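# Close look at the chain arrangement
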Amino acid sequence: NEKFKGMMTALLTPMDERGTVDAESLRRLVRHQLDRGIRRFYVGGSTGEAFLLTVEERMGVLETVVEEAAGEQAAIVAHVGCIGTSDSVRLARHAERAGADAVSAVVPFYYKASMKQIRDHYETIMAATPLPMIVYHFPGATGVQLSLDFYEDMASRPSCIGVKFTSLNLFELQQIRARCGDDFLIWNGHDEVFAGGGLMGADGAIGSTFNMMPDLFASFYRDMAGGDWSSVREAQTEANAVIAHMLRYDVIPYEKLVLYLQGVIATPTVRRPLTQFTPEERRAIEAFYAQSGTL
Ligand code: NAY
């Protein structure tokens, strides 16, 4: 599981002006990352607008990423989370056929599943594919709080290799590490606490802002692995100046606009109900971009 450790970009899903998935821009985004040394991709997660895409579109996005990264020794994690188990099973089987290296699934949300139902959901997906599973914990979006017992149970199953932990509660991250042992991998999910997550025991990070700041986070991760904590602090401060600005707006349209300004994707289009920025908002972000030495 070594190849999954480290920083992993949660890829955006570029779209053309009409809102159709833009495979060419997606290829350019993957290439842009590969050229900057990124070798791990999380495909079709929250950042990838998973729940705004059809199951077929999610399959197409994964196939494009696998094709573009072929021969690059990249580790590709397909997010297959859905609110219904059968769609997740379809996506997990497809991920295996498409050549992904692992699957990941957000906790089923909306129908307020019990812990037993959540466990059954993961068991069913894991039984459908030999690919390793990464649980995706994102209480801010799902409203579901997982117990430490749940993680311990998952850690006891050979196909479950770890958790993508998207919460600012780093005490809980540390408790998962303490309860589940070092073989259960933890990826920090909020880039604004990348340093804190690493300090508390994360093995890596899965992040959206790595789309627009791959070089900064790649060197940040190297500093962290090397234990150079004063450089880590500097890198986090630099990254957070951008993230704090982004959080005044909206994550996905902001990152798409930056990638567009960077010349990587053809349009900053997002899918409704997400919305494009007003002309004033756009001017403000463009002005920030023009003076930022980071982006
Ligand atoms: C996903 O599935 O795409 C992720 O969770 C990637 C991690 C991001 N989380 C979300 C919810 O978008 O990078 C973070 C996040 O955008 C960033 O920390 C800003 O809060």
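Look a little higher up for the structure.
So, here's what we can say about the structure.

What counts, and at which threshold
- Residues numbered from 1 in each chain as written.
- Predicted model: local features only at pLDDT ≥ 70, side-chain atom pairs only at ≥ 80, totals over all residues.
- Heavy atoms only, no water.
- Helix = DSSP H or I, 4+ residues; strand = E, 2+ residues; numbered from the N terminus.
- Rg over C-alpha atoms; globule rule 2.2 N^0.38 Å.
- Buried < 20%, exposed > 50% of the residue type's maximum accessible area, 1.4 Å probe, protein only.
- Contact = heavy atoms within 4.5 Å.
- Areas by Shrake-Rupley, 256 points an atom, 1.4 Å probe, with all protein chains shown as cover.
- Lys, Arg positive; Asp, Glu negative; His and termini not counted.
- Charge placed at Lys NZ, Arg CZ, Asp CG, Glu CD.
- Axes fitted to C-alpha atoms, helices over the stretch in contact; angles between N-to-C directions.
- Parallel < 35°, antiparallel > 145°, perpendicular 65-115°, else oblique.
- Left-handed = near helix turned anticlockwise from the far one by under 90°.
- Near = heavy atom within 4 Å.
- Polar contact = N/O pair within 3.5 Å; in protein donor to acceptor, adjacent residues only side chain to side chain.
- Pairing = 2+ DSSP bridges.
- Nonpolar A, V, L, I, M, F, W, Y, C, P; charged D, E, K, R; others polar.
- 1 Å grid on protein atoms, 1.4 Å probe; cavity = no way out; pocket = protein on both sides within 12 Å on 5 of 7 lines; lining within 4 Å.
- Points joined across faces, edges and corners; volume = space filled by probe spheres on them.

### Some points on the overall build of the protein
- Secondary structure summary: the protein contains 12 helices and 8 strands in total.
- Relative to a compact globule of 295 residues, whose C-alpha radius of gyration would be 19 Å, the protein shows 18 Å and is just as compact.
- When the 295 residues of the protein are sorted by exposure, 56% land in the buried category.
- Within the protein, counting contacts between residues at least 6 apart in sequence, those at least 24 apart form 72% of the total.
- For the protein, the computed accessible surface area is about 12,400 Å², with 50% contributed by carbon and sulfur atoms.
- Taken together, the 28 basic and 37 acidic charged side chains of the protein have centroids lying 3 Å from each other.

### A short note on the packing of helix α9 (residues 214-225) against helix α10 (residues 229-247)
- Contact pair α9 / α10: the axes reach a minimum separation of 8 Å and the direction vectors enclose 155°. Taken together, the axis directions place α9 and α10 in an arrangement best described as roughly antiparallel. Every pair of crossing elements has a handedness; the one defined by α9 and α10 is left-handed. Here L216, F217, F220, D223 and M224 of α9 lie close against α10, whose contacting residues are W229, S231, V232, A235, Q236, E238 and A239.

### Things to note about the site of the ligand
- Around the ligand lies a shell of 19 residues, among which T47, Y136, K164, E192 and S208 are the nearest.
- At 2.4 Å from an oxygen atom of the ligand is found a side-chain nitrogen or oxygen belonging to K164.
- Between an oxygen atom of the ligand and a main-chain N or O atom of D191, the distance comes to 2.9 Å.
- For the ligand, whose free accessible area comes to 460 Å², the fraction covered by protein is 93%.
- When contributions to the shell around the ligand are tallied by element, the ones reaching two or more residues are β8 (204-207) and α10.

### Details of the environment of A218
- Here A218 lies in helix α9.
- A218 sits in the buried class, given a relative accessible area of 12%.

### Some details on unusual backbone geometry
- Cis peptide bonds are those with omega within 30 degrees of zero, and the linkage from R272 to P273 qualifies with 15°.
- Residue position: P273 is located in the loop between α11 (251-261) and α12 (279-291).
- You will see that E49, though not glycine, has its phi angle at about 60°, which is positive.
- Tracing the backbone through its elements, the reader meets E49 in the loop between β2 (40-43) and α2 (55-68).
- Of note in the backbone geometry, Y110 takes a positive phi value of approximately 75° without being a glycine.
- Relative accessible area serves as the criterion here: at 61%, Y110 is assigned to the exposed category.

### Description of the sheet that holds strand β5 (residues 133-137)
- Strand order in the closed barrel made by the 8 strands is β1-β2-β3-β4-β5-β6-β7-β8, with parallel pairing throughout. Averaged over all neighbouring strand pairs, the angle between strand axes comes to 25°, with direction disregarded.
- Bridge count for strand β1 (residues 6-10) against β8 is 4 bridges, and the pairing is parallel. Following the sheet pairing, T9 is matched in β8 by G207.

### Considerations on the packing of α10 against α11
- Viewed as axis vectors pointing N to C, α10 and α11 meet at an angle of 125°, and their least axial separation amounts to 9 Å. If you check the angle between α10 and α11, you find them oblique. Contact with α10, carried on its side by V242, H245, M246 and L247, involves V251, Y254 and E255 of α11 and no other residues of that element.
- Among the residues making up the contact of α10 with α11, the classes are represented as 5 nonpolar, 1 polar and 1 charged.

### Regarding the layout of surface pockets
- The computed volume of the largest pocket comes to approximately 630 Å³.
- In terms of lining, the largest pocket is formed by 32 residues, of which the most central are S46, T47, Y136, F138 and I252.
- Of all elements in the fold, only α5 (139-142), β8, α10 and α11 reach the threshold of two or more residues within the lining of the largest pocket.
- The element that contributes the greatest number of residues to the lining of the largest pocket is α10, accounting for 3 residues.
- Residue composition of the lining of the largest pocket, grouped by class: 17 nonpolar, 10 polar and 5 charged.
- The computed volume of the second largest pocket comes to approximately 160 Å³.
- Lining the second largest pocket, in full, are K5, G6, M7, R36, G37, I38, R39, R40, A218, Y221 and R222.

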